[in-house]
Structures are given as C-alpha cells and as structure tokens.
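# Descriptive structure summary
Take a look at the letters that make up each chain.
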Amino acid sequence: MDKTTLEASFDSQEEAEAAVRKLTALRGDRFRMESAAAGADFGSRAGQQNAIASGIASAMLYGGAELEAAEELGTGASEYGPGASKAAAIRLTADIPGESVERARKVISETGGTLV
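Now for a quick tour of the structure. (Residues numbered from 1 in each chain as written. Predicted model: local features only at pLDDT ≥ 70, side-chain atom pairs only at ≥ 80, totals over all residues. Heavy atoms only, no water.)

## Comments concerning the nonpolar core
Phe10, Leu23, Leu92 and Ile96 are the most contacted members of the largest nonpolar core, which totals 18 residues. Elements represented by at least two residues in this core include exactly β1 (3-10), α1 (13-25), β2 (29-35), β4 (90-97) and α3 (101-110). The residues contacting Phe10, other than those within four sequence positions of it, are Glu15, Ala16, Ala19, Ala89, Ile90, Leu92, Ile108, Thr111, Gly112 and Gly113. (Core = buried A, V, L, I, M, F, W, Y, C linked by side-chain atoms within 4.5 Å. Buried < 20%, exposed > 50% of the residue type's maximum accessible area, 1.4 Å probe, protein only. Helix = DSSP H or I, 4+ residues; strand = E, 2+ residues; numbered from the N terminus. Contact = heavy atoms within 4.5 Å.)

## Section: α1
For α1, which comprises 13 residues, the first-to-last C-alpha distance of 19 Å matches the rise-based estimate of 18 Å (1.5 Å per residue) to within 8%. Along α1, the positions that sit buried rather than exposed are Gln13, Ala16, Glu17, Ala18, Ala19, Val20 and Leu23. Looking one or two residues past α1, Arg27 carries a phi angle of roughly 70°, positive in sign. (Expected span 1.5 Å × (residues − 1).)

## Section: the environment of Arg32
Position of Arg32 among the secondary structure elements: in strand β2. Taking the C-alpha atoms as reference points, Arg32 and Leu92, separated by 60 residues in sequence, lie 5.6 Å from one another. A distance of 3.1 Å separates a polar atom in the side chain of Arg32 from a polar atom in the side chain of Glu34. (Polar contact = N/O pair within 3.5 Å; in protein donor to acceptor, adjacent residues only side chain to side chain.)

## Focus: the pattern of salt bridges
A full pass over the atoms with the stated rule returns 6 salt bridges. We note a salt bridge from Arg30 to Asp95, for which the minimum N-O separation is 3.7 Å. Taken as a pair, Arg30 in strand β2 and Asp95 in strand β4 lie far apart in primary sequence, 65 residues in all. Note that Glu110 is salt-bridged to Arg103, the shortest N-O span being 3.8 Å. Residue Arg103 is classed as partly exposed on the basis of its relative accessible area, which comes to 40%. (Salt bridge = Lys/Arg side-chain N within 4 Å of Asp/Glu carboxyl O.)

## Quick word on the environment of Ala104
Assignment of secondary structure puts Ala104 in helix α3. Through-space distance from the C-alpha of Ala104 to that of Thr24 is 9.8 Å; in sequence the pair is 80 residues apart. Residues contacting Ala104, with those up to four places away along its chain left out, are Leu6, Leu23, Leu26 and Ile96.

## Things to note about unusual backbone geometry
The backbone phi angle of Arg27 is positive, close to 70°, even though this residue is not glycine. If you trace the backbone, Arg27 turns up in the loop between α1 and β2. Arg27 gets classed as exposed once you look at its relative accessible area, which sits at 60%. A positive phi is found at Arg30, a non-glycine position, where the angle reads about 55°.

Structure, rendered in structure tokens:
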C-alpha cells in the first residue's frame, strides 16, 4: 500500500492528539509528536516508568496505532507552558495511505493544525 508522510504543526498537544485519533480512523500510522522548540530528542530523558505508562496510555487511546512520544509534551520546562510562544508548537508526522491523503489534510486543518 502506497503511503504518504504528512507533517503538521499544532498550537497544543490536545489539538495534535485529536488529529491522531481521527487520522487513526483513516488507517494512518507511525505517528510522531514532538515539541518543535525542543527538537527531535525532546523527552528522551524520560524515565522507563514514564515511557511504560505513556505506552499503555497510547495503546488505550489510539488502539493499535503506533504513537511515538516519550512523555507529556511540554512538561519539565517553563518555556513549554500555556503562555509559550508559537515556537513551542507541537509537530506531528504520520504516514497516511495514498487514498486517504486529501481527507487527512482536511482532518489536520479541522483540528487546528497547519501542514508544514
């Protein structure tokens, strides 16, 4: 099956998670959320207990879809708090089946995201 990787940014983790739930219904997979300000290694210092808890929560929330996020995005640093600037946006990437790409773009837009 031909897949396309879409990348989008969101103002909040909640918006990104809403998009993931809807993209899962379109058979999207290989989801990755990260703080755009912190970079790709954001959350890499999370303890094993947090990683296990995050994995269990992801499985319950997103079913069989794979979601990559080591801990709650935006925790542990004041610059990622509610008053954070646009630079602290959440970045989401996902692989979407070719026949669902246009619908996925609409889902991202409807949930508050902007395609990158």
